[in-house]
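Secondary and tertiary structure notes
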Amino acid sequence: MIKLGTLLCTLLGITLIAFFVIRLAPGNPVLLMIGERGADPRQYQEALHRLSLDRPLFEQYLGFVGRASGGDFGSSIVSGRSVKTELLARWPATIELGVAVILLSLLVGVPAGVVAAIRRHSVVDKLITVGSLIGYSMPVFWLGLVLILVFSEMLGVTPVSGRLDIAFDIRPATGFMLIDTLLPEATARYGLDAFVSALHHLLLPALTMAATPIAVFARMTRSSMSEVLGEDYIRTAHAKGLASPRIIWLHALRNALLPVITVGGLFFVSSAIAGAILTETIFGWPGVGSYIVNSVYARDYPVIQGSILLIGVLVILTNAGVDLLYRVANPRMRV
């Protein structure tokens, strides 16, 4: 009951932020739409009325909450299309990028932390620690531009922007490009060339976003693993003659991952959202992040409100998922 009340209060706070924060920024969406110079006052008032921006703010807020509770976020001021439709069309690109970042973060960060903990104070440990510090300190926008300069401009091995080369005409069946390029229709026309092109386009954005989470997971895994390896049950397992790989990867790592799941999971959500907005803008990735940036420039209130609300719900669901994973990893929490 307490968690349900907290959830409702959190959702209420998100709706307040989504509605009022953008209205504190300078700029008028109607003037941006019809033009600031020589705008006809009658045309201006008609546009205000059509967009319901001539009503009191509290009345506009209640209307937004009422429509959003039914899954209706209104229509974009710029395009006139349903915000829900446009967000659903862009979510697969953001989700695909996010899944790639999660896989990179776990497959690189966790093993690196384990190796650093096993070989503490060695050269390998120091290299991993320094690399983690560098990865954590680098701004996303700077790293993205450097990767574009090195791998796209100087070496020419990766594309600069987009999700797929213009030579491939792929029908978006699922919206996930790595899946669509492997469907029978696509493979019959292009073989695996389209899939390879999609991987090339995904590589730099995923590396840019994954740099910070990899560093965080590596440092946290090293710290937690170092503590676990000094516990009595680990020494007992060694005394029983169990193989070292089994002790490390089965017994020690499972307990070491408990704080990593809790803190690292929550940090990953915040860094992924901020990273997605910057990364998608830099690489021209047609996801929700770049859509939000363009909408902020245009003061497209319905799009910004709907996007912030959906991201807030995603963060809440992720927190619930992290809590569930913690209970799975720690049997004592199931009681």
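Worth saying up front: this structure is predicted, and the values here are computed from it rather than measured. (Residues numbered from 1 in each chain as written. Predicted model: local features only at pLDDT ≥ 70, side-chain atom pairs only at ≥ 80, totals over all residues. Heavy atoms only, no water.)

Here the focus is the environment of Pro172. Positionally, Pro172 belongs in the loop between helix H7 (140-154) and helix H8 (177-180). When its relative accessible area of 62% is taken as the criterion, Pro172 is described as exposed. Each C-alpha atom of the pair Pro172 and Ala89 lies 9.8 Å from the other, and the pair is 83 residues apart in sequence. (Helix = DSSP H or I, 4+ residues; strand = E, 2+ residues; numbered from the N terminus. Buried < 20%, exposed > 50% of the residue type's maximum accessible area, 1.4 Å probe, protein only.)

Our focus in this paragraph is the nonpolar core. Counting 19 residues, the largest nonpolar core has Leu97, Leu164, Phe168, Ile170 and Leu202 as its most contacted members. Elements that contribute at least two residues to this core include exactly helix H5 (83-118), H8, helix H9 (184-190) and helix H10 (193-228). For this core, the leading source of residues is H10, giving six residues. Residues in contact with Ile170, not counting those within four places in the same chain, are Leu164, Asp180, Thr181, Ala186, Tyr190 and Ala194. Core analysis: the next-biggest nonpolar cluster, separate from the first, contains 16 residues, Phe64, Ala68, Trp91 and Val288 among them. (Core = buried A, V, L, I, M, F, W, Y, C linked by side-chain atoms within 4.5 Å. Contact = heavy atoms within 4.5 Å.)

This part covers the pattern of salt bridges. Tallied over the full model, the rule gives four salt bridges. For Arg171, the salt bridge identified is with Glu185, shortest N-O distance 3.3 Å. On the criterion of sequence distance, the pair formed by Arg171 in the loop between H7 and H8 and Glu185 in helix H9 is long-range, its members being 14 residues apart. Relative accessible area serves as the criterion here: at 46%, Glu185 is assigned to the partly exposed category. (Salt bridge = Lys/Arg side-chain N within 4 Å of Asp/Glu carboxyl O.)

Glancing now at the layout of surface pockets. Roughly 360 Å³ of internal volume is contained in the second largest pocket. Taken together, 21 residues make up the lining of the second largest pocket; nearest its centre are Leu51, Ser52, Leu53, Arg67 and Pro302. Mapped by element, the contributors of at least two residues to the lining of the second largest pocket are helix H1 (2-24), helix H4 (57-69) and helix H14 (301-329). With five residues, the top contributor of residues to the lining of the second largest pocket is H4. (1 Å grid on protein atoms, 1.4 Å probe; cavity = no way out; pocket = protein on both sides within 12 Å on 5 of 7 lines; lining within 4 Å. Points joined across faces, edges and corners; volume = space filled by probe spheres on them.)

Following the sequence through the fold, Thr221 ends up in helix H10. The exposure class of Thr221 is buried, given its relative accessible area of 1%.

On to the packing of aromatic side chains, then. Applying the stated criterion across every chain yields a total of five aromatic pairs. Ring centres 6.2 Å apart and planes at 25 degrees place the aromatic pair Phe19 and Phe64 in the stacked group. Of the two residues, Phe19 is situated in helix H1 and Phe64 in helix H4; the sequence distance between them amounts to 45 residues. An aromatic cluster of three or more residues is present, and its members are Phe19, Phe20, Tyr61 and Phe64. One Lys or Arg, Arg23, reaches over the ring of Phe19 and ends 3.7 Å from the middle of that ring. Sitting over the face of the ring of Tyr291, Arg90 holds its NZ or CZ atom 4.2 Å from the ring centroid. (Phe/Tyr/Trp six-rings, centres within 6.5 Å; stacked < 30°, edge-to-face > 60°. Lys NZ or Arg CZ within 6 Å of the ring centre and 35° of its normal.)

Turning next to unusual backbone geometry. Unlike most non-glycine residues, His121 shows phi in positive territory, near 65 degrees. Among the structural elements, His121 can be located in the loop between H5 and helix H6 (123-137). With a phi close to 50 degrees, Arg299 is a non-glycine residue in the positive phi region. Mapped onto the secondary structure, Arg299 falls in the loop between helix H13 (288-297) and H14. Classification of Arg299 as buried rests on a relative accessible area of 14%.

Their axes nearest at 8 Å, the elements H5 and H13 cross at an angle of 130 degrees. Compared by their axis directions, H5 and H13 come out oblique. Residue-level contacts link Glu86, Leu87, Arg90, Trp91 and Thr94 of H5 to Val288, Gly289 and Tyr291 of H13. Along the lines of polarity and charge, the residues of the contact of H5 with H13 split into four nonpolar, two polar and two charged. (Axes fitted to C-alpha atoms, helices over the stretch in contact; angles between N-to-C directions. Parallel < 35°, antiparallel > 145°, perpendicular 65-115°, else oblique. Nonpolar A, V, L, I, M, F, W, Y, C, P; charged D, E, K, R; others polar.)

H10 packs onto H7 with a crossing angle of 145 degrees between their chain directions and a minimal axis gap of 9 Å. Every pair of crossing elements has a handedness; the one defined by H7 and H10 is right-handed. The segment H7 lies against H10, with Val140, Leu143, Gly144, Leu147, Ile148, Phe151 and Ser152 engaging Leu204, Leu207, Thr208 and Ala211. Among the residues making up the contact of H7 with H10, the classes are represented as eight nonpolar, three polar and no charged. (Left-handed = near helix turned anticlockwise from the far one by under 90°.)

Mapped onto the elements of the fold, Pro286 is located in the loop between helix H12 (244-283) and H13. Sequence spacing of Pro286 and Trp91 is 195 residues, and the spatial spacing of their C-alpha atoms is 9.1 Å. Not counting residues up to four positions away in its chain, the partners in contact with Pro286 are Arg90, Ala93 and Arg163.

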